[in-house]
Structure formats: C-alpha cells, structure tokens
Amino acid sequence: MNKPLIILGAGGHAAVLVDILRQQRRDIMAIISPGNDVLRPVFDGLSRWHDNDDVLQCAPDEVELVNGLGSLPGNTHRQKLYGDFVCKGYVFAKVIADSAVISPYAHLGDGVQVLHKAVVQAGTDISENTIINTASVVEHDCCIGAHNHLAPGSVLSGGVHTGNSVHISTGAVVIQNINIGDDVVIGAGVTINKNVAEAVTVYGARPFVKTH
C-alpha cells in the first residue's frame, strides 16, 4: 500500500512532482516550505510545514519522502538533503509520470524521478536520487550513478555509464558506450563522443574540457 508522502521543497521542481502525484491521486501529507513565500497554485489545499525537522514527527515506516529540490551543477543541497534523511531511516519514493515509458527490464533506485515523456529502455540501471527530466531518453543497458540529473531533452545512447553527481544539461547527447566520471557537468546541447574524466565541465558548440 502507498504510504503518505511528504514533499521536501516547494519550488519549481517540487511543483512538477506534486502535479504528477496529484494526477495520480497520491496521498500528500504535507510540503516543506521554509519562510513565508507565496506558494504556487499546484500546492493549494496541501498542508504546509516550515522546517525539514517537522518530518521527524513521523516515524520512518509511516511515510515516504519526495525530494522536491531541483538539481543545479555544483549545488549539493539536493544530495545532502537525501543523505541526511536516509541516515535517519527514511525512504524516498520513486516518482514516475504516467506519460513516461519505463521498460519492465530497467531498474530504478530509491528516490528516482522520471518526468513526463521520458524514456528508459531495457537493461538500464538508474541509481538513487537521480532525476530523468522531461523528454529525456536513456537507451538500453545504460548505468546511471546516484544523484545524477539528466535535464530536459538529453539523450544517452546505449551502454553509457555515468558516475555519481553528474549533470547532463538540456539537449546534450552522449553517444553509445561512453563512460563519464563522477562530478561531471555536460553543457547544454553538447555532443559527447569520448570518455569524460571525473570532475570536469564540458561545454561549447565544439565541446572542450575545463577542469573545475
């Protein structure tokens, strides 16, 4: 049985997730929204808590969490939030849009989010707390590390392996059988046709590598 959900965050990414979950008639217990910001209409009617520590009033086996923080290059807040609550025994729910296409022969880790029109093909393994954003394509036999973000419209051809904390920006393309190291940022619209070492940024119309 689906447990009640608590959404950590109330920004744009959280709004997309709540929209998906409300259409699926999931039970959202509350959203966490520090401060007194005016909330978006998609949050209307939901209980609002103001501190992440408010989650602790619920036992880990009573609820599931949804990581509503977005993912930006070089920003570790999303990863830290995930790790802090996992250490306390909480589990993060997967969020899968109804319009996404997920092979039954793909594996998705805890907290993975697959948004509208994304495709995940057979033999693919996606590790925890990764976002497969709108209309992204992950072809067969890819292995995606933890805390990755595949931004809208990105394409990974077959057999691509990524490390942890990789950001593949909007419209980027990675051809087949490429390995990408930890903490890599692939710029928007870039085509990757060579392996990428860890902790570098690849950007530009003719991609080149710049060390962080």
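Structural data are supplied above this passage.
1. Some details on helix 1 (residues 12-23)
Look at helix 1: 17 Å from first C-alpha to last across 12 residues, which is about the 16 Å you get at 1.5 Å a residue. Every buried residue of helix 1 is listed here: His13, Ala14, Ala15, Leu17, Val18, Ile20 and Leu21. Immediately downstream of helix 1, the backbone of arginine 25 shows phi near 60°, a positive value.

2. Re the state of the cysteines
Counted according to the given criterion, the structure contains 0 disulfides. With no disulfide of its own, cysteine 142 lies 8.8 Å from the sulfur of cysteine 143, the closest cysteine sulfur.

3. Some thoughts on the side chain of arginine 26
Checked against the element boundaries, arginine 26 lands in the loop between helix 1 and strand 2 (28-32). For the buried arginine 26, no salt bridge is present, and the opposite-charge side chain at shortest range is glutamate 64, 4.0 Å distant.

4. Focus on the sheet that holds strand 4 (residues 64-67)
If you trace the 4 strands from one edge of the open sheet to the other, you get 3-2-1-4, paired in parallel fashion. Each of the sheet's edge strands pairs with one partner strand only, and the pair in question is strand 3 (48-49) and strand 4. Where strand 1 (residues 5-8) and strand 4 come together, 4 bridges link them in parallel fashion. The residue bridging isoleucine 7 from the neighbouring strand is valine 66, located in strand 4. Seen against the sheet, helix 2 (residues 77-87) touches strand 1 and strand 4 and runs at an angle of roughly 170° to strand 4.

5. Things to note about the side chain of asparagine 129
Position of asparagine 129 relative to the elements: it lies in the loop between strand 10 (125-126) and strand 11 (131-132). Residue classification places asparagine 129 among the buried positions, given a relative accessible area of 1%. A polar side-chain atom of asparagine 129 sits 3.3 Å from a polar atom in the side chain of arginine 78. The residues contacting asparagine 129, other than those within four sequence positions of it, are Asn67, Arg78, Gln79, Tyr82, Asp110, Gly111, Val112, His147 and Asn148.

6. Things to note about helix 2
Of all the positions in helix 2, only Arg78, Leu81, Tyr82 and Phe85 are classed as buried. Along the long axis of helix 2, the arc covered by the buried residues comes to 100°, so they all point the same way. In this structure, helix 2 carries Lys80 and Cys87 as exposed residues pointing more than 90 degrees from its buried face. With its phi angle positive at about 100°, glycine 89 sits one or two positions after the end of helix 2.

Thresholds, definitions, all that
Residues numbered from 1 in each chain as written. Predicted model: local features only at pLDDT ≥ 70, side-chain atom pairs only at ≥ 80, totals over all residues. Heavy atoms only, no water. Helix = DSSP H or I, 4+ residues; strand = E, 2+ residues; numbered from the N terminus. Expected span 1.5 Å × (residues − 1). Buried < 20%, exposed > 50% of the residue type's maximum accessible area, 1.4 Å probe, protein only. Disulfide = S-S within 2.5 Å. Lys, Arg positive; Asp, Glu negative; His and termini not counted. Salt bridge = Lys/Arg side-chain N within 4 Å of Asp/Glu carboxyl O. Pairing = 2+ DSSP bridges. Contact = heavy atoms within 4.5 Å. Axes fitted to C-alpha atoms, helices over the stretch in contact; angles between N-to-C directions. Polar contact = N/O pair within 3.5 Å; in protein donor to acceptor, adjacent residues only side chain to side chain. Arc of directions from axis to C-beta.

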